[in-house]
Amino acid sequence: MLCKLAWGNVRRAGRDYLVYLLTLTLGVTVFYAFNTISMQVDIAGIDEKGLAQVMGSMLGDLTYFLAGVMAFLMVYANNFIMKRRKKEFGLYQVLGMGRGRVATIMALETVIVSVVAFVAGIVLGVGLSQLMTFFTASLFKTQIANFHFFFSVHAFNLTLACMLVMFVLTLLLNLRAVRRTKLIELMGAERRNESIKTRNPWIAIAIFAVGAVLVGVAYYRLLRDGFPLTATDSKLQEAMNQFGITTAMVTVGTFALFWGLSGMLIKLLQSLRSVYWRGLNMFTVRQLAAKVNTVCFSMGVIAMLLFLAITSVTCGMSIANVMNENLERYNPVDVSQTYVYYTPDTLDYYKEYINPSEADRMVLADTTVDLYPAWHGDPWHGDRIDSDNVADGIKGKSADNNDETGKKVNIADVAGEHVQIDSYLSYPVGGSNPSVTPSEMCKIMGEKLPKAFGGSNADAMGLFVTPASQYNKLRQMMGEEPVHIGHDQYLLTCDMGGELVDLYTKYMAGGHTLTLGGHTLKPAADKSDEDTAAIANSAMGSNPGTVVVADELLSQLNLQPYSSSLLVNYKQGMDTTEADESIKYTVLDNLLVDGKEPGSWGTFITRSEMYTQAAQMNGLISYLAIYIGFVLVVACAAILSIQQLSNVADGSRSYRVLAQIGCDDRQIRHSVMAQQAVFFLFPLAVGLAHSFVALKVIIELVSIFGNMSIGGTVGLTCAIFLAAYGGYFLVTYLMSTGMVQAAIATRYSE
């Protein structure tokens, strides 16, 4: 009997359950689909080791957090349903039904709706996961050779667990509401007069103006200062403090905008008398002013959440695309090893901030060392070497490749073509002031320094200097012709693309000279080289700017060594995977000159490993951005939808009175549409404005590495998000008009 009654209630109150059902179904759909990522990776033919496990684990952990967000939404939506049905539950008790039976009916209704949402969500999730497999293959640039239907038991169980938690939470809150609410409150819920309060319009306008000023100043500060990502260590704390102030200003300003919105709307439309007195505009404005007063805080939160959702998706996916586009240029060889020399600044830093005893075993590097002998020779597993002669003292050092078997591996067994790139600072040994800096180049050209350089250590470091012979050998390894660089010439190289290459190309094309160690040099070409400029394998580029000069000139300058990079290609015909495995655990011991270390080993990375890391990073960024962004958008839309439906329910008597005094249905529907459009569109407009300013700064920052494009997959994803947001708006409007029509059709009585 109770089951039959509960089923009938769900069918009859289907409209009331629609937002609850829609939100729960979407939650189940995305939870299941995104947690099938490990199976999608396998079917898409992505053979990156460990990628499926890493992404599956990350998205699984994130699901628990997002389930908490969805649980909050379920509670919020459930409160609306309870509010709509208070009189019904009161009537059950008047007819003699005990609170226990009423609670049982509510529990059964919750079970029915939850089961329907879960089944529908799983069906949609299974279909979506099949489509996402093709998106995954596109993201990782692979071809699907053997597509087949799949179902993930792990994703099903995880989604079911989250669903059960949300169900139990909703059920407990429903039972609590029934037990604590008095019968007279249930029966008189619809008779309570709607309380309409408006703030002093002039105070509201003043607060709105303050909010607009705060947001405007925050925009200016962000456009001027940018993000504190490029700040030097000495200026990082100050940059973080300033960014914190900017963030606080835009946050407070956003809430002030919504707090003062009601007064601004009233005064603005009252000044437009022909508009204010037309149709039901006066009623609409008063309703808006009253409702904005009660939901201004939630509208501010929604605007900030929409800002985060839009920015995270567009920024995250676009940065991942830039990284992927330039990955081949960033990784020119099969394996690279860097060695970083100690400079005066390094020694001073260790003595003052790290450990003076550590500095005692370090020595200022006054020349570079040949790195290949450190990889070539007898395998080792022992102590450091110490020799008066650097060339003789640097011997082959390779750690155990397999700790279980103790097998030793010599790098020379896999190395084919190789070249060492030595990078010097543009000042003499022991000096500190670089003679070639980006700011000086911009000053000569009469240009502004790109914002991405602002606050960075680019001027403190200056451009690197490298010999032409090493540069040309690298070009030959990459199948390019050597470039002739005379004794009085220079060539600028950079592998990061974007604004950096444009800056260097413009400088050379203008025929501007460089002064290095008292020698005036003219450009050897009219274009900066970016295709053969990488000096090590990396994710975002390894060469921010290098001056290539003749070997004879470099030998006369006595410049401060900064780093050496050994770039190695495997022997022809050698299997890349086997070669990577054979050197996977290579460890090189510290190099000693006269008992002290001139530097320390830097990054050891294979091209395959870098591709794997980039693929993992790209996939994680993209999926996390989409996952978080979609749930946030749905959350914002659902909150707004429930708020508006509650407002319509509270104002049902007002709409009934409008109908009784002769207002036609079209005017009433237009008033409902106008009110809901303001509540949905105004937070979206504020969120989009915040995102536009933030993305402008991000695009300028990313332009160091390449042109950031917000299009393609990113544009499609944002379009889907906005479609979901608009879908909630449409559902809310249709449900609201239905509620208004039902209120009008009901016989008015006190």
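Here is what the cut-offs are and how they apply
Residues numbered from 1 in each chain as written. Predicted model: local features only at pLDDT ≥ 70, side-chain atom pairs only at ≥ 80, totals over all residues. Heavy atoms only, no water. Helix = DSSP H or I, 4+ residues; strand = E, 2+ residues; numbered from the N terminus. Buried < 20%, exposed > 50% of the residue type's maximum accessible area, 1.4 Å probe, protein only. Contact = heavy atoms within 4.5 Å. Arc of directions from axis to C-beta. Phe/Tyr/Trp six-rings, centres within 6.5 Å; stacked < 30°, edge-to-face > 60°. Core = buried A, V, L, I, M, F, W, Y, C linked by side-chain atoms within 4.5 Å. Pairing = 2+ DSSP bridges. Polar contact = N/O pair within 3.5 Å; in protein donor to acceptor, adjacent residues only side chain to side chain. Salt bridge = Lys/Arg side-chain N within 4 Å of Asp/Glu carboxyl O. Axes fitted to C-alpha atoms, helices over the stretch in contact; angles between N-to-C directions. Parallel < 35°, antiparallel > 145°, perpendicular 65-115°, else oblique. Left-handed = near helix turned anticlockwise from the far one by under 90°.

Observations concerning the overall build of the protein chain
Counting its regular elements, the protein chain contains 28 helices and nine strands. For the protein chain, the residues scored as buried account for 51% of the 750 residues in total. Partitioning the intrachain contacts of the protein chain with sequence separation of at least 6 by distance along the chain shows that 84% fall at a separation of at least 24.

Overview of helix 19 (residues 438-445)
Three- or four-residue spacings in an α-helix give side chains the same orientation, since the helix completes a turn every 3.6 residues. Listed as buried for helix 19 are Pro-438, Met-441, Cys-442 and Met-445. Seen from one end, helix 19 has its buried residues packed into an arc of 100°, which puts them on one side. After helix 19 finishes, the residue Gly-446 shows a positive phi value of roughly 75°.

Re unusual backbone geometry
Residues other than glycine seldom take positive phi values, yet Asn-558 does so here, at roughly 55°. One can find Asn-558 in the loop between helix 23 (551-557) and strand 8 (559-570). On the accessibility criterion, Asn-558 (47% relative accessible area) is partly exposed.

Focus on the packing of aromatic side chains
Tallied over the full model, the rule gives 12 aromatic pairs. Ring plane angle 50° and centroid distance 5.8 Å describe the contact between Phe-151 and Phe-156, whose orientation is recorded as tilted. A relative accessible area of 39% means that Phe-151 is categorised as partly exposed. Look at Phe-255 and Phe-297: their rings are 5.2 Å apart centre to centre, the planes differ by 15°, and that puts the pair in the stacked class. On the criterion of sequence distance, the pair formed by Phe-255 in helix 10 (residues 233-259) and Phe-297 in helix 13 (residues 281-325) is long-range, its members being 42 residues apart. By relative accessible area, which is 22% here, Phe-255 ends up partly exposed. Overall, Phe-297 belongs to the exposed group, its relative accessible area being 60%. Cluster of aromatic residues (ring-pair linked, three or more members): Tyr-32, Phe-118, Phe-151 and Phe-156.

What about the nonpolar core?
By size, the foremost hydrophobic cluster in this structure holds 77 residues, and its most contacted members are Phe-31, Tyr-623, Tyr-627 and Tyr-725. At 19 residues, helix 25 (residues 607-650) tops the list of elements feeding residues into this core. Excluding its chain neighbours within four sequence positions, the residues that come into contact with Phe-31 are Thr-63, Leu-66, Ala-67, Met-70, Thr-159, Cys-162, Met-166 and Tyr-627. In terms of nonpolar packing, the next biggest core, distinct from the first, is built from 31 residues, Tyr-424, Met-445, Tyr-490 and Leu-557 among them.

Description of the pairing of strand 2 (residues 415-428)
The side chains of a regular strand alternate, residue by residue, between the two faces of the sheet. By the criterion of burial, strand 2 is predominantly enclosed, with 10 of the 14 residues buried. Looking at chain direction, strand 2 and strand 8 are connected through nine bridges and run antiparallel. The residue of strand 8 that forms the bridge with Asp-422 is Ser-564.

Side note on the environment of Gly-45
The residue Gly-45 is located in the loop between helix 3 (37-43) and helix 4 (51-84) in this model. Taking C-alpha positions, Gly-45 is 6.0 Å from Ile-144, a pair spaced 99 residues apart along the chain.

Digging into the side chain of Gln-130
Note on placement: Gln-130 falls in helix 6 (residues 99-139). Residue classification places Gln-130 among the buried residues on the basis of a relative accessible area of 10%. Within the structure, the side chain of Gln-130 is placed 3.0 Å from the backbone oxygen of Phe-150, a separation counted as a polar contact. The residues contacting Gln-130, other than those within four sequence positions of it, are Phe-147, His-148, Phe-149 and Phe-150.

Some points on the pattern of salt bridges
Side chains that differ in charge, positive against negative, can pair when their charged atoms come close. A full pass over the atoms with the stated rule returns seven salt bridges. Asp-225 is the salt-bridge partner of Arg-224, the closest N and O atoms lying 2.8 Å from each other. Here Arg-224 falls in the partly exposed class, since its relative accessible area comes to 45%. For Asp-225, a relative accessible area of 39% gives the class partly exposed. Of the charged contacts, one joins Asp-334 and Arg-607 as a salt bridge, the two residues approaching to 2.6 Å between their closest N and O atoms. With Asp-334 in the loop between helix 14 (327-330) and strand 1 (335-341) and Arg-607 in helix 25, this residue pair connects regions lying 273 residues apart in the sequence.

Describing the packing of helix 19 against helix 22 (residues 498-509)
As a packed pair, helix 19 and helix 22 sit with axes 11 Å apart at the nearest point and diverge in direction by 50°. It follows from the interaxial angle that helix 19 and helix 22 lie oblique. Judged by the twist between their axes, the crossing of helix 19 over helix 22 is left-handed. Across from Pro-438, Met-441, Cys-442, Ile-444 and Met-445 in helix 19, the residues of helix 22 making contact are Leu-503, Tyr-504, Lys-506 and Tyr-507.

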